[in-house]
Amino acid sequence: MKKISVFFTVSFLFLFLSCSKPGDLTIGRAMKAYQSQNYEEALNLFNTALEEETNYSPELIYNFIATIYLQEDDLENAVIYQAKSCELHPDYRNLVSLGMTYHLLKRDDDAVLAYKKAVELNPEKGEALASLGALYLGQGKYTEAVENLKKAAEYEPKIAVIHANLAVAYAAQGKTEESEAEFKRAEELKCKDLEEFRERATSMQKQ
């Protein structure tokens, strides 16, 4: 929620620092409506701005619209505009967010494609790799899960949940020592809900 507010504030400041165009005023009104939690008006204004000349790119406006739908827990509409934005301008973080929304909608094939596109854009960032690994883990594709989670841990060694998921994936493969090493690292990093990860690992070892 805080990140969303900062995102809109920064964008709003840009409006006054650039050479104004007619659509910029519409977007300014849309942002004010958003900040007042008048989401219906904000959506109408952002859609109006798409038809006007503005300093804001269409993909950024699509992101604004997607953010509002996410705020309303309307994933079906949010993913439409996230996809439109990424199609016009592939962006690492936006592709990861798109993948997460697809996953929430149980559209995992689409989620995999989004995560893989993000990895192609920046193969040395851990977020997309970790998301892809966690998805594969949930699908029971343990070899793929380990492969992606190991890479994610290399690039983001201080993110506890990556180590916890990797520990579960190793456990599913019967690699007890590797699993315990990752659980130890996750514990050192104060992983939230660590016991739940351990329970998952134990249940997989019994299968």
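Provided above is the structure to which this section pertains.
Predicted model only: the values in this text are computed from it and were never measured.

Cut-offs used in this document
- Residues numbered from 1 in each chain as written.
- Predicted model: local features only at pLDDT ≥ 70, side-chain atom pairs only at ≥ 80, totals over all residues.
- Heavy atoms only, no water.
- Axes fitted to C-alpha atoms, helices over the stretch in contact; angles between N-to-C directions.
- Helix = DSSP H or I, 4+ residues; strand = E, 2+ residues; numbered from the N terminus.
- Parallel < 35°, antiparallel > 145°, perpendicular 65-115°, else oblique.
- Left-handed = near helix turned anticlockwise from the far one by under 90°.
- Contact = heavy atoms within 4.5 Å.
- Nonpolar A, V, L, I, M, F, W, Y, C, P; charged D, E, K, R; others polar.
- Phe/Tyr/Trp six-rings, centres within 6.5 Å; stacked < 30°, edge-to-face > 60°.
- Buried < 20%, exposed > 50% of the residue type's maximum accessible area, 1.4 Å probe, protein only.
- Lys NZ or Arg CZ within 6 Å of the ring centre and 35° of its normal.

### A closer look at the packing of helix α2 (residues 22–35) against helix α3 (residues 39–49)
Two measures define how a pair of helices packs: the angle their axes make with one another and the distance between the axes.
And step 1. Two elements in contact, α2 and α3, have axes whose closest approach is 8 Å; the angle formed by their N-to-C orientations is 165°. Comparing their axes, α3 and α2 come out roughly antiparallel. Pair α2 / α3 crosses with left-handed handedness. Touching Gly 23, Thr 26, Ile 27, Arg 29, Ala 30, Met 31, Ala 33 and Tyr 34 of α2 are Tyr 39, Glu 41, Ala 42, Leu 45, Phe 46, Thr 48 and Ala 49, all from α3.
And step 2. Taken together, the residues of the contact of α2 with α3 sort by class into 10 nonpolar, 3 polar and 2 charged.

### Here's the deal with the packing of aromatic side chains
And step 1. Tallying each qualifying case throughout the model produces 5 aromatic pairs.
And step 2. Ring geometry for Tyr 34 versus Tyr 39: centroids 5.6 Å apart, planes at 45°, classification tilted.
And step 3. Judged by relative accessible area, which is 5%, Tyr 34 ranks as buried.
And step 4. Looking at Tyr 39, the relative accessible area reads 14%, which means it is buried.
And step 5. Ring geometry for Tyr 69 and Tyr 81: centres 5.9 Å apart, planes at 25°, overall stacked. Within this pair, whereas Tyr 69 is found in helix α4 (residues 58–71), its partner Tyr 81 is found in helix α5 (residues 75–88), the two being separated by 12 residues in sequence. Tyr 81 carries the same exposure label as Tyr 69, and that label is buried.
And step 6. Taken together through their ring pairs, the aromatic side chains of Phe 46, Tyr 56 and Phe 64 make up a single cluster.
And step 7. The positively charged end of Arg 198 is found above the aromatic ring belonging to Phe 183, 4.4 Å away from the centroid.

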